[in-house]
Amino acid sequence: MLDTLERSLLCRQLAVFACVLALVAFCVLVYYRGTMDAQIRSELSTLADSVISSIDFDDGTGKFAGGKPDSIVSALPEESARSLSVLRLQWYDTTGHLEADKGHLQLRLPFSANSTFEEQAAPHALVLTRPAMMQNKILGWVRVARPLATEDREYYRLLFAVIVGVGVTLIAISIASRWLVHQSIRPIVSMTGRLKQFTADASHELRNPLMIIKTNTDVALKYAGGMRDGDREKFEAIRSAADDMSRMTGDLLLLCRFDSVGLVSSIHDQSMDLRDLCTEIGNKWKAAYPQIELQLNLQEPLKMTADRSEMVRLFDNLICNAFQYTKTGGSVSISGQRGRDRMLTISIRDNGIGIADADLPHVFERFWRADKARAFRESGSGLGLAICKVIAESYKGTVTIQSKLGTGSTFTVRLPGSPDNAPAS
Ligand SMILES: Nc1ncnc2c1ncn2[C@@H]1O[C@H](COP(=O)(O)OP(=O)(O)O)[C@@H](O)[C@H]1O
Ligand SMILES: [Mg+2]
């Protein structure tokens, strides 16, 4: 159980760190991309502006003076003119006709007088279309384009570095967290260990005084000849309470044993037929509750190898519950079958008081009893189902429940059967 706690703490811690790191990485990448984008846009804007401001227009017609479109190049700052091999520079007149075109960058986007910045996918480039104005009159459009390959490369390099960085940090954090979680959980482990030991010792130590009380009340009741009726009832109440307590201490000892070694018993080698066992237990409880009908649907042999006393405890708890939490005139049915996967499935169904949906997650908790069950039957410890669960789990089996308040409950036990199907020896 503590292993599970340790693992779940570690997973939660790692999940939180992973989210924080992913968020930081995302912010870094967004910031880098944003800054880079703003820089390129401002570069393109400056380029377009410097082209526009230095073009020598002919009477404001949008035609170049002397009909020399090359003047858009000569108008460029020296640095930009040099990089024309990678840039693209175009001039469109007012009708959208391409008047001048310089540079080697492939430009596939059609000219649009409405656009400002546009992104071209392949080859990846940023394109700016800007109008040249004179006295509020558009003379034409400058279109400048710039490849983004170098920036993309830088961006992917950063992305790769961030991913590797996040991965390495997560590995380092997981190693550190493992150690930290282990250290912080140590006091809890030792405390629960001491608590378990205390429960085991207390249960063990309580057995003797309980036995003495029980033996003495048995003797007193055996020779109750001169005893007053009131006294006899008191002795009977003491015996019944001592029986309940010794059952409870036995249950607690069994649960402590399971908690410490994960097994209820080491004797798992008795061959038995659960069909016979359930029939026997069912008939025993039917005799105690004659007003409740018992239906047995156990057609095929249900052989398995186990510790018989544990199987008795498992099925006795479940069948006993079915009778105890069913009203007079109700019915209990026990059915079983063997699956192809060799798993034995035994279902114990009753049409008794049932369990509310909200209570279902608690039924296998130790000492848990539904309020309705307390009102219906006073005695009970709430340990029976917890024991059924640990017994089934120690055989790599399961106990599951389906229940509806006021309608009834079905407990289903799945246990691994023996490979052969011959009658039990
Ligand atoms: N067949 C059943 N029908 C209705 N409620 C049940 C049934 N079996 C178990 N329960 C509920 O689960 C609780 C725990 O059962 P169990 O561990 O056997 O304890 P106990 O029988 O001593 O109360 C019961 O108190 C009851 O509320
Ligand atoms: Mg019970």
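Residues numbered from 1 in each chain as written. Chains lettered and ligands numbered in written order. Predicted model: local features only at pLDDT ≥ 70, side-chain atom pairs only at ≥ 80, totals over all residues. Heavy atoms only, no water.

*Asks:* Go over the pattern of salt bridges, please, and point to the residues and values.
*Replies:* A complete count under the given rule lists 18 salt bridges for this structure. Where Asp-101 meets Arg-88, a salt bridge forms, and the shortest distance between an N and an O atom there is 2.8 Å. In this pair, Asp-101 sits in strand β2 (residues 98-103) while Arg-88 sits in strand β1 (residues 88-93), placing the two residues 13 residues apart along the sequence. Since its relative accessible area comes to 15%, Arg-88 is described here as buried. Residues Lys-214 and Asp-243 are paired through a salt bridge, measuring 3.2 Å at the closest nitrogen-oxygen approach. In this pair, Lys-214 sits in helix α4 (residues 149-222) while Asp-243 sits in helix α5 (residues 229-261), placing the two residues 29 residues apart along the sequence. We classify Lys-214 as partly exposed; its relative accessible area is 23%. Salt bridges linked by common partners bring Lys-214, Asp-218, Arg-239 and Asp-243 together as one network. (Salt bridge = Lys/Arg side-chain N within 4 Å of Asp/Glu carboxyl O. Helix = DSSP H or I, 4+ residues; strand = E, 2+ residues; numbered from the N terminus. Buried < 20%, exposed > 50% of the residue type's maximum accessible area, 1.4 Å probe, protein only.)

*Asks:* Give me the lowdown on unusual backbone geometry, citing residues and values where you can.
*Replies:* What you tend to see is this: most non-glycine residues have negative phi, and most peptide bonds are trans. The peptide bond linking Ala-122 to Pro-123 adopts the cis configuration, its omega dihedral lying at -10°. Among the secondary structure elements, Pro-123 is positioned in the loop between β3 (117-120) and β4 (125-134). The phi dihedral of Arg-342 is positive, around 75°, even though this residue is not glycine. Position of Arg-342 among the secondary structure elements: in the loop between β9 (331-338) and β10 (343-350). Judged by relative accessible area, Arg-342 falls into the partly exposed class, the value being 41%. You will see that Lys-396, though not glycine, has its phi angle at about 60°, which is positive. By secondary structure assignment, the location of Lys-396 is in the loop between α9 (384-394) and β11 (398-404).

*Asks:* Report on the packing of helix α7 (residues 308-324) against α9, specifying residues and quantitative values.
*Replies:* Interhelical geometry of α7 versus α9 gives an angle of 140° and a closest axis separation of 9 Å. When the axis of α7 is compared with that of α9, the two are oblique. Taken as a pair, α7 and α9 cross one another with a handedness that is left-handed. Only Gly-384, Leu-385, Ile-387, Cys-388 and Ile-391 of α9 make contact with α7, whose side of the interface consists of Glu-310, Met-311, Arg-313, Leu-314, Asn-317, Leu-318 and Asn-321. Of the residues belonging to the contact of α7 with α9, the class tally is seven nonpolar, three polar and two charged. (Axes fitted to C-alpha atoms, helices over the stretch in contact; angles between N-to-C directions. Parallel < 35°, antiparallel > 145°, perpendicular 65-115°, else oblique. Left-handed = near helix turned anticlockwise from the far one by under 90°. Contact = heavy atoms within 4.5 Å. Nonpolar A, V, L, I, M, F, W, Y, C, P; charged D, E, K, R; others polar.)

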